[in-house]
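Understanding the architecture of this molecule
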Amino acid sequence: MSETLDARRLLCPLPVIRTQDKVVTLSPGARLTVIATDPGVLNDIPAWCRINGHRVLATRQEGREIEIDIEVGGDES
Amino acid sequence: MERQIKAVALISGGLDSMLAVRVMQEQGIHVEGINFFTGFCVEGHTHAIRKRDQKKPKRNNALWVAEMLGIKLHIIDIVDEYKDVLLHPKHGYGANMNPCLDCKIFMVKKALEWMEKNGFDFIITGEVVGQRPMSQRSDTMPVVANQSGAMDRLVRPLCGRNLPATLPEREGWIRREGLYDFSGRSRKPQMALARQYGFTDWASPAGGCCFLTDEAYSHKLVDLWQSRSSRDYDLDDILLLKVGRHVRPAPHFKLIVGREEGENNFLEGYRKEFIHLRCESHLGPLVLIDGDPNVEEMRLAAAIAARYSQGRMADSVEVSVHYRDGREERLTVAPLDPTQMPPEWML
Ligand code: SF4
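A quick note: this is a predicted structure, and the numbers were derived from the prediction, not measured. (Residues numbered from 1 in each chain as written. Chains lettered and ligands numbered in written order. Predicted model: local features only at pLDDT ≥ 70, side-chain atom pairs only at ≥ 80, totals over all residues. Heavy atoms only, no water.)

Helix and strand content of chain A: two helices and four strands. Expected size for 77 residues packed as a compact globule is a radius of gyration near 11 Å; at 11 Å, chain A falls within 12% of this value. Along the first, second and third principal axes, the C-alpha set of chain A runs to 35 × 20 × 15 Å. Just so you have it, chain A exposes about 3700 Å², and 46% of that area is on carbon and sulfur atoms. Across chain A, 9 positive and 12 negative side-chain charges occur, with their mean positions spaced 3 Å apart. (Helix = DSSP H or I, 4+ residues; strand = E, 2+ residues; numbered from the N terminus. Rg over C-alpha atoms; globule rule 2.2 N^0.38 Å. Areas by Shrake-Rupley, 256 points an atom, 1.4 Å probe, with all protein chains shown as cover. Lys, Arg positive; Asp, Glu negative; His and termini not counted. Charge placed at Lys NZ, Arg CZ, Asp CG, Glu CD.)

Here it is as structure tokens:
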């Protein structure tokens, strides 16, 4: 199952905070797509995923919109 | 098997908290970081907004520090709760609108709550005695420990040897000899320790970790409160104070003038909530109007907008006014001469 998080118009670090708050509600292996407009997410969300043991599956950019697919890791605390 | 001792560290993204964590890791402590988002943080925003900054790598320093240290980082949104800290600081403000002491107490208190909820044992910060005029003095450091409720579970690894022994020392979880005795404003000991650990890159925000230490920003914030006769704000208010040129010709309205493409794009996102002006006959900035000018004042606002357009030397500039209810009006005005703009209008 895949969920979507709308973080458009939010500036970093808010998209990261919203992603983090969403991910804690998901089970390991679940997938989440984050949609954002602040290009800062291109660095911050992958960095946040690496630190916290999640995986970035794909990143797409179309015009000002950025989509990042994440797979929730097994060790969220 | 011995229980793994765990500490939560306040991570600002600067060098001191980075070193403090590493000192504790050296002693075998499992550390996770916590970073608070107050809305005033220097991180991110303006870089995200301003086009000319977009070439620089944008990184969130707290995340970057966490990655360098190999620790988890929990970023916590405290925008709403922080209002009370900023609006009613028991210990007052620093040189500008920065309530550093109350801010530190609040953050350590939040870290304590997090520690208890997550079964951690103590809290660490990168504070150094005598480093900052308000929150890091020898007489205010115990205030942070006491009033936050953290008491002797608050460890400052960079200056711990100058302070009374904490619980983790007495319990033998950490060794006092492994702590440091830094004090004062010199950054040399930190630099030396950074070299020793092989850190070659770190962020060093001048003044402090947030916009409240900035004089120009604080001035705009106080102006916002005065104009509303109320010391209140929401996240959009404080973000908008970071963007554009703010010009207040009268107590009941001000103009927010985009300075470049990135700012204009950002301000576009607010055009439904504000009256806004565009220059039609020339290239010019998007201008938001915060407040409700009368007819005469609207002509003045248009003349100011024209002054920042490429028609600033022209005899007349056509400006469109877009009201919140969707109405549109065209004004033809002479750009305001800079000599007619008193310096006190510029916030
Ligand atoms: S500079 Fe800002 S964030 Fe840092 S302690 Fe002072 S008020 Fe708090």
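As a measure of interface size, the accessible area lost when the parts come together is often cited. The partner chain A presents 23 residues to the 26 residues of chain B that form the contact. Here chain B meets chain A over a buried area of about 2000 Å², counting both sides, of which 56% is carbon and sulfur. At the boundary of chain B and chain A, one finds two salt bridges. If you look at where chain B meets chain A, you find five residue pairs in polar contact (both at pLDDT 80 or more). Within the residue set of the side of chain B that touches chain A, elements represented by two or more residues are β2 (30–37), α2 (45–49), α3 (61–69), β3 (73–77), α10 (235–240) and α11 (261–268) of chain B. (Contact = heavy atoms within 4.5 Å. Buried area = accessible area lost by both parts, 1.4 Å probe. Salt bridge = Lys/Arg side-chain N within 4 Å of Asp/Glu carboxyl O. Polar contact = N/O pair within 3.5 Å; in protein donor to acceptor, adjacent residues only side chain to side chain.)

Residue and element names in this part refer to chain B. Pairing within the open sheet is antiparallel, and its six strands lie in the order β6-β7-β9-β8-β10-β11. Each end of this open sheet is capped by a strand with a single partner; those strands are β6 (245–250) and β11 (328–333). Taken pair by pair, the neighbouring strands of this sheet meet at an average axis angle of 25°, ignoring direction. Alignment of strand β7 (residues 253–257) against strand β9 (residues 287–291), held across five bridges, turns out to be antiparallel. For Leu255, the partnering residue across the bridge sits in β9 and is Ile289. The strands that helix α9 (residues 215–228) touches are β6, β7 and β9; relative to β6, the one it contacts most, it runs at about 35°. (Pairing = 2+ DSSP bridges. Axes fitted to C-alpha atoms, helices over the stretch in contact; angles between N-to-C directions.)

Take the domain arrangement of chain B next. Taken as a whole, chain B is organised into domain 1 (6–210) and domain 2 (243–345). The centre of domain 1 of chain B, based on its C-alpha atoms, is set 42 Å off from the matching centre of domain 2 of chain B. (Domains from an automatic or database assignment.)

Time to look at the environment of Thr37 of chain A. Residues and elements named next belong to chain A. Relative to the helices and strands, Thr37 resides in the loop between β2 (31–36) and α2 (41–52). On a C-alpha basis, the gap between Thr37 and Gln61 in space is 9.4 Å, while along the polypeptide they are 24 residues apart. If sequence neighbours within four positions are ignored, Thr37 has contacts with Ala7, Arg8, Arg9, Leu10, Arg64 and Glu65. At 2.7 Å, the side chain of Thr37 and the backbone nitrogen of Arg9 are in polar contact.

The next subject is the pattern of salt bridges. Counted under the stated rule, the structure contains 28 salt bridges over all chains. Asp6 of chain A is paired through a salt bridge with Arg8 of chain A; the nearest N and O atoms lie 2.9 Å apart. Accessibility expressed as a relative area gives 46% for Asp6 of chain A, which makes it partly exposed. Among the residues examined, Arg8 of chain A registers a relative accessible area of 36% and is labelled partly exposed. Residue Arg327 of chain B pairs with Asp325 of chain B through a salt bridge whose shortest N-O separation is 3.3 Å. Exposure remark for Asp325 of chain B: the relative accessible area of 59% places this residue in the exposed category. By sharing partners, the salt bridges in this structure join Glu280, Glu318, Glu328 and Arg330 of chain B into a single network. (Buried < 20%, exposed > 50% of the residue type's maximum accessible area, 1.4 Å probe, protein only.)

Residues and elements named next belong to chain B. It is at 10 Å that the axes of helix α1 (residues 15–26) and α3 come closest, and there the two elements cross at 25°. It follows from the interaxial angle that α1 and α3 lie roughly parallel. Here the hand of the crossing between α1 and α3 comes out right-handed. Judged by residue contacts, Met18, Val21, Arg22 and Gln25 of α1 engage Trp64, Val65, Met68 and Leu69 from α3. When the residues that make up the contact of α1 with α3 are grouped by side-chain class, the tally is six nonpolar, one polar and one charged. (Parallel < 35°, antiparallel > 145°, perpendicular 65-115°, else oblique. Left-handed = near helix turned anticlockwise from the far one by under 90°. Nonpolar A, V, L, I, M, F, W, Y, C, P; charged D, E, K, R; others polar.)

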